[in-house]
Each structure stands twice: as structure tokens, then as C-alpha cells.
Amino acid sequence: MNIFKTMGLVVALGLSSSAMADKVATLSVQQALLSSQAAEAFRQKMTEEFKPQAAQLAELESQVKQMQGDLQSAQAAGASQADLQQKNLQFQKLVTEYQRQGQEMQLQQREREQAFLKKMRPRLDAVIRDMIEKGGYDVVINKQSTIYAKPELDITAKVVELLNKQ
């Protein structure tokens with residue numbers, strides 16, 4: 001029985017070596033997109049565009065903390081139940097507004113990011129196809145899916161460079 005296992009292993013090794021590709025590379029598509037000059041310009045534009053909303057959100061956060069402190073102080077000072085309920089209601093309204101504005105800003109940012117990625121993806125795909133053709137690669141593997149690959153197999157920096165030239 002052991003001879004059959006050995007022969008099977010030899011046949012499997014022979015088949016796998018004949019199926020191996022001659023030129024292999026790894027690529028982090030996400031890193032290539034996020035490292036490009038276009039992505040950096042987009043991040044700066046987003047920061048500037050959302051600056052007023054971020055400032056307003058920071059102000060609301062400050063108010064929430066202040067109101068929370070006031071509520072705790074009122075509780076410690078033995079304020080009346082009606083007073084505590086009033087302060088608690090105000091606090092809850094402020095927290096709700098803070099959460100609503102934060103979620104709204106995150107949603108707007110995600111929508112803008114998705115639009116940017118949708119716009120950039122065809123450019124990135126064209127660069128990758130061109131690189132594969134010119135480089136004569138047989139296989140390009142997603143870098144995040146590999147356990148180990150020699151650093152010289154990573155073509156991400158080259159893709160970023162070509163993407164920046166577009």
C-alpha cells in the first residue's frame with residue numbers, strides 16, 4: 001500500500017511542477033490605489049471639504065461631555081427628580097444629534113470614497129493589464145492572499161508609479 005502512496009506523490013509532484021508558471025508576481029491592488037497621487041489628492045480634498053462638518057461634530061462632542069458632567073454634578077448635588085429628568089432629556093437629545101450628524105458625515109464620506117474608487121478602478125485595471133502584458137507575467141497573485149513571497153516579486157510599487165503617470 002505504501003508503494004501506491006509514493007507513486008501517487010511522485011505523479012502529483014510531476015504534474016504540479018509542469019503546471020507551474022514561469023513568471024509570477026504579487027500585487028496589492030488596495031495598496032496601489034491608496035498609494036497613488038490621485039488618492040492623496042482625494043484625501044486632502046475630502047479633509048478640506050468635510051472640515052466644517054468635522055468642526056461642528058467636535059463642538060457637539062464637547063457639548064455632550066459638558067452636559068454629561070453637568071448631569072453627574074446635579075446627581076451628586078441631590079437635584080430634584082424633575083430637574084434630573086430635564087437634564088437627562090437634554091443630554092439624550094444632544095447625544096442623538098451627535099450620533100446622527102456623525103453617521104451622516106460617515107455616509108457622505110463613504111459615498112464619495114466609493115465614487116472615487118469607481119472612477120479609479122478602470123485606470124488601475126488598464127495599468128495592471130499593461131504591466132502584465134509588457135512584463136510577460138504568467139500569474140499575478142493578490143498579495144494579501146499569499147503566505148509568503150519574495151519582496152522582489154511584488155509589483156505594487158511599479159503599478160503605483162505607472163498609475164501616477166496617467
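Values in this document were obtained by computation on a predicted structure and should not be read as measured data.

The rules we used
- Residues numbered from 1 in each chain as written.
- Predicted model: local features only at pLDDT ≥ 70, side-chain atom pairs only at ≥ 80, totals over all residues.
- Heavy atoms only, no water.
- Phe/Tyr/Trp six-rings, centres within 6.5 Å; stacked < 30°, edge-to-face > 60°.
- Helix = DSSP H or I, 4+ residues; strand = E, 2+ residues; numbered from the N terminus.
- Buried < 20%, exposed > 50% of the residue type's maximum accessible area, 1.4 Å probe, protein only.
- Lys NZ or Arg CZ within 6 Å of the ring centre and 35° of its normal.
- Polar contact = N/O pair within 3.5 Å; in protein donor to acceptor, adjacent residues only side chain to side chain.
- Contact = heavy atoms within 4.5 Å.
- Salt bridge = Lys/Arg side-chain N within 4 Å of Asp/Glu carboxyl O.
- Axes fitted to C-alpha atoms, helices over the stretch in contact; angles between N-to-C directions.
- Parallel < 35°, antiparallel > 145°, perpendicular 65-115°, else oblique.
- Left-handed = near helix turned anticlockwise from the far one by under 90°.
- Core = buried A, V, L, I, M, F, W, Y, C linked by side-chain atoms within 4.5 Å.

**Some words on the packing of aromatic side chains**
Piece 1. For the structure on display, the rule yields 1 aromatic pair.
Piece 2. Seen in terms of ring centroids, Phe42 and Phe116 are 4.5 Å apart; in terms of plane orientation they differ by 10°. Their pairing is stacked. Remark: Phe116 occurs in helix H5 (residues 81-135) and Phe42 occurs in helix H3 (residues 37-49); sequence separation between them is 74 residues. Exposure class is identical for Phe42 and Phe116. Each is buried.
Piece 3. Taking the ring centre of Tyr137 as reference, the NZ or CZ of Lys23 above it sits at 4.8 Å.

**Here we look at the side chain of Thr156**
Piece 1. When you line up the elements, Thr156 lands in helix H6 (residues 156-165).
Piece 2. A distance of 2.9 Å separates a polar atom in the side chain of Thr156 from the backbone nitrogen of Ser28.
Piece 3. Filtering out sequence-adjacent residues up to four positions away, Thr156 remains in contact with Thr26, Leu27, Ser28, Gln31 and Ala32.

**Considerations on the pattern of salt bridges**
Piece 1. One pass over the full model with this rule turns up 10 salt bridges.
Piece 2. Of the charged contacts, one joins Glu49 and Arg112 as a salt bridge, the two residues approaching to 2.4 Å between their closest N and O atoms. Of this pair, Glu49 sits in helix H3 while Arg112 sits in helix H5, and the two are 63 residues apart along the sequence.
Piece 3. A relative accessible area of 39% means that Glu49 is categorised as partly exposed.
Piece 4. Asp130 is the partner of Lys134 in a salt bridge, and the nearest nitrogen-oxygen pair spans 3.3 Å. Residue Lys134 and its partner Asp130 are both found in helix H5; the two are separated by 4 residues, about one turn of the helix.
Piece 5. The class for Lys134 is exposed, based on a relative accessible area of 68%.
Piece 6. Taking the relative accessible area as the measure of exposure, Asp130 reaches 30% and is therefore partly exposed.
Piece 7. Connected through shared salt-bridge partners, Glu97, Arg100 and Glu104 make up one network.

**Topic: the environment of Ala32**
Piece 1. Its place among the elements puts Ala32 in helix H2 (residues 29-35).
Piece 2. Separated by 123 residues in the primary sequence, Ala32 and Ile155 place their C-alpha atoms 9.4 Å from one another.
Piece 3. Beyond its immediate sequence surroundings of up to four residues, Ala32 is in contact with Leu124, Thr156, Val159, Val160 and Leu163.

**Re the packing of H5 against H6**
Piece 1. Closest axis-to-axis distance for the H5/H6 pair is 10 Å, and the angle between their directions is 120°. The orientation of H5 with respect to H6, classified from their angle, is oblique. Regarding H5 and H6, the two cross each other, and that crossing is right-handed. On H6, the residues that touch Met120, Arg123, Leu124, Val127, Ile128 and Met131 of H5 are Lys158, Val159, Leu162 and Leu163.

**Digging into the environment of Ser80**
Piece 1. Among the secondary structure elements, Ser80 is positioned in the loop between helix H4 (51-76) and H5.
Piece 2. A polar atom in the side chain of Ser80 sits 3.1 Å from the backbone nitrogen of Asp83.

**Concerning the nonpolar core**
In globular proteins that are soluble, nonpolar side chains generally tend to be buried together.
Piece 1. Among the nonpolar cores identified, the biggest contains 21 residues, and Leu124, Ile155 and Val159 are the most heavily contacted of them.
Piece 2. Of all the secondary-structure elements, those providing two or more residues to this core are strand E1 (24-27), H2, H3, H5 and H6.
Piece 3. Counting residues per element, this core draws most heavily on H5, which supplies 7 residues.
Piece 4. With sequence-adjacent residues up to four places away left out, Val159 is seen in contact with Leu27, Ala32, Leu124, Val127, Ile128 and Met131.
Piece 5. In terms of nonpolar packing, the next biggest core, distinct from the first, is built from 8 residues, Val64, Ala74, Phe91 and Val95 among them.

Just distances and angles here, no functional claims.
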